[in-house]
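Summary of the model geometry
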Amino acid sequence: MNENIIEEKVDIQKLKSLDKKYYLHPTTSIHQQQENGPTVIFKEGQGIYLTDVYDDVYIDGLSSLWNVNIGHGRQEMVDAVSTQMGRLAYSSSFQGFSHDPVICLSQKIATMTPGDLNVSFFTSGGSESNETAFKLIRNYWKLKGEAERTKIIGLNRGYHGITMGATSATGIAQFQNMSTANAPDFLHAKAFQLDCELGDKSNPNYRESIRGIIEKEGADTIAAVILEPVQGAGGINIPPDGYLQAVRQLCDEYGILMIADEVITGFGRTGEMFGVNNWGVVPDVLTVAKGITSGYIQLGAVIIRETIRDELAELSSDIFFHGFTYSGHPTACAAALKNIEIVENENLVVNAKNMEAEILKGFKYLESKHPTVSKIRAIGLMGAFELFADRANEVPFEPSQMVAQKVVQECMKRKLIVRPVIFEGSNIITIAPPLITNKEQIGTIIEILSEALTVVEKELI
Ligand code: PLP
């Protein structure tokens, strides 16, 4: 008997009990963690695979949290980060201080973003980026003498993060209900009401559309509209063609700023460098995080149009009283530069576009083989399908049946990580594997999904 194995097993048990005792997990049932301990303890990652402490190898079908786009274990990233840490691990960007990684990254981003979205402010993640966008925009309106423009309109099922403003902008009840009080002046419109946004007042959803809300509240009270070009956490919801353009036009009509939250879609996920490029739209503010470093180090950014920066400079010589200790973190910026180089050199955006057809082909197969599967969709390397008790009539399963969760559990047994979306009675299965994923690997993901669906459907039908 190998003593090391026994030793390791003891350690795993110890790790599990220490996790239970000392670690409060994000977006996890505290009750379940206290009952069962951690779901999996990972120890390493390579490519699209993660290995746990028992040496079981999983396909990372969600790029961890939609972020490990270049895949795990990239030595180039380790080298870039370690070199920068050795040179200058950290220095501040307050008081106008600067350093070459943040300057180079700002310039690089400007060459990639559409239109004159050329000026970057850095944060440590998506929530901070959106929070910054809200404050910056409100400050902008105040300086322009329109301080009453405070309201932000988000969309139902939009997800923007978990800080106070970002949660308040989020259109998913579970996140909003977590706290007893959210930030004021956040409103939510029904998503994707293209006809209404184009001005069709006869549509019964008109009052709940962005346009309807602007008219009801008064345009001079609205600071901005925020939306994801493709909703991610809300279930991978792709807007109809023309929708983003219609929102852009609507914002222009009323002089309202448009924020595109590209925390998931930015840096190639949808088969374009930015999600808005799919529809040729240039927002006023674009927020990013996740894919900017592929998660190797935490970093986010708020990218604003040059004209807005120029106006801010013109309107006030006072300090911009907003900055995080880690705004423009040199090591995080070095990680972003290397990550972007990899995305470009390996043509990962093109790969994402090419894999869209593979995902759709696989989902069509699932739809033909499994009577519960419907509403398949994909854009680039993000895709979803929904499960119904009666798909012809879109009759959902009872929430107590926990259908999506069961499918995900069966996938986990087969070493595939995917995510269920179960808001408002829906049973959506979402996938977003790394941008390096190839055709064969998509095929494996589809096979495992099919096996999982077979098991769950047998139980249900
Ligand atoms: N915006 C979108 C679209 C996201 O998907 C997320 C996270 O999933 C966020 C914002 C929040 O980002 P973070 O978790 O880095 O704060």
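What counts and what doesn't
- Residues numbered from 1 in each chain as written.
- Predicted model: local features only at pLDDT ≥ 70, side-chain atom pairs only at ≥ 80, totals over all residues.
- Axes fitted to C-alpha atoms, helices over the stretch in contact; angles between N-to-C directions.
- Helix = DSSP H or I, 4+ residues; strand = E, 2+ residues; numbered from the N terminus.
- Parallel < 35°, antiparallel > 145°, perpendicular 65-115°, else oblique.
- Left-handed = near helix turned anticlockwise from the far one by under 90°.
- Contact = placed C-beta atoms within 7 Å.
- Nonpolar A, V, L, I, M, F, W, Y, C, P; charged D, E, K, R; others polar.
- Pairing = 2+ DSSP bridges.
- Near = placed C-beta within 6 Å.
- Buried ≥ 20, exposed ≤ 12 C-beta atoms within 10 Å, placed from the backbone.
- pLDDT = per-residue confidence, 0-100.

1. Let's talk about the packing of helix α14 (residues 348-369) against helix α16 (residues 439-460)
Across the interface, α14 lies against α16 with an axial gap of 10 Å and an inter-helix angle of 20°. As judged from the angle between their axes, α14 and α16 are roughly parallel. Every pair of crossing elements has a handedness; the one defined by α14 and α16 is right-handed. For the pair formed by α14 and α16, the contact residues are Met355, Glu358, Ile359, Gly362, Tyr365, Leu366 and Lys369 on the first element and Lys439, Ile442, Gly443, Ile446, Leu449, Ser450 and Leu453 on the second. Of the residues that constitute the contact of α14 with α16, the class distribution is eight nonpolar, three polar and three charged.

2. Concerning the sheet that holds strand β10 (residues 300-305)
Spatial strand order, β4-β10-β9-β8-β7-β5-β6: seven strands in an open sheet with mixed pairing. Bordering the open sheet on either side are β4 (117-123) and β6 (186-189), each of which pairs with just one other strand. Between one strand and the next, the sheet's axes are offset by a mean angle of 25°, whatever the strand orientation. Two elements, strand β5 (residues 151-155) and β6, share four bridges in a ladder whose sense is parallel. Across the sheet, the residue bridging to isoleucine 152 is phenylalanine 186, located in β6. Its contacts with the sheet place helix α5 (residues 100-112) against β4 and β10, and it is angled at close to 135° to β4. Where helix α12 (residues 306-315) meets the sheet, its contacts fall on β4 and β10, and the angle it forms with β10 comes to roughly 80°.

3. Some remarks on the site of the ligand
By nearness alone, 14 residues border the ligand, and Gly125, Gly126, Ser127, Gly161 and Val263 come closest of all. No other element matches the three residues that helix α6 (residues 126-143) contributes to the shell around the ligand. Grouping the amino acids of the shell around the ligand by side-chain chemistry returns five nonpolar, seven polar and two charged.

4. Regarding the sheet that holds strand β2 (residues 49-52)
Read across the open sheet, the four strands follow the order β1-β2-β3-β13; overall the sheet is mixed. Among the strands making up the open sheet, the edge pair consists of β1 (42-46) and β13 (416-417). Here three bridges tie β2 to strand β3 (residues 57-60), and the two strands are oriented antiparallel to one another. Note on β3: the bridge partner recorded for leucine 50 is tyrosine 58.

5. Topic: the packing of helix α15 (residues 403-413) against α16
As a packed pair, α15 and α16 sit with axes 8 Å apart at the nearest point and diverge in direction by 130°. With respect to α16, the axis of α15 lies oblique. Crossing geometry of α15 relative to α16 is assigned as right-handed. Between α15 and α16, the contacting residues are Val403, Lys406, Val407, Glu410 and Cys411 on the first element and Ile448, Leu449, Ala452, Leu453, Val455, Val456 and Leu460 on the second. Of the residues that constitute the contact of α15 with α16, the class distribution is 10 nonpolar, no polar and two charged.

6. Structural notes on the environment of valine 281
Mapping valine 281 onto the fold places it in the loop between β8 (257-261) and β9 (285-288). For valine 281, a count of 21 C-beta atoms within 10 Å corresponds to the buried category. Remark: the alpha-carbon pair of valine 281 and arginine 248, spanning 33 residues in sequence, is separated by 7.1 Å. For valine 281, the contacting residues outside a window of four places in its chain are Leu244, Gln245, Arg248 and Val276.

7. Points about the confidence of the model for the protein
Residues of the protein with pLDDT of at least 70 account for 98%, and the chain-wide mean is 96. The complex model carries a pTM of 0.97, and its ipTM stands at 0.99.

8. Here we look at the pairing of strand β7 (residues 222-227)
Counting buried positions along β7 yields six of six residues, so the element is predominantly enclosed. Pairing analysis gives three bridges linking β5 to β7, with the strands arranged parallel. Looking at β7, one finds that lysine 151 is bridged to isoleucine 222. Alignment of β7 against β8, held across four bridges, turns out to be parallel. Among the inter-strand pairings, leucine 227 is bridged to a residue of β8, identified as alanine 260.

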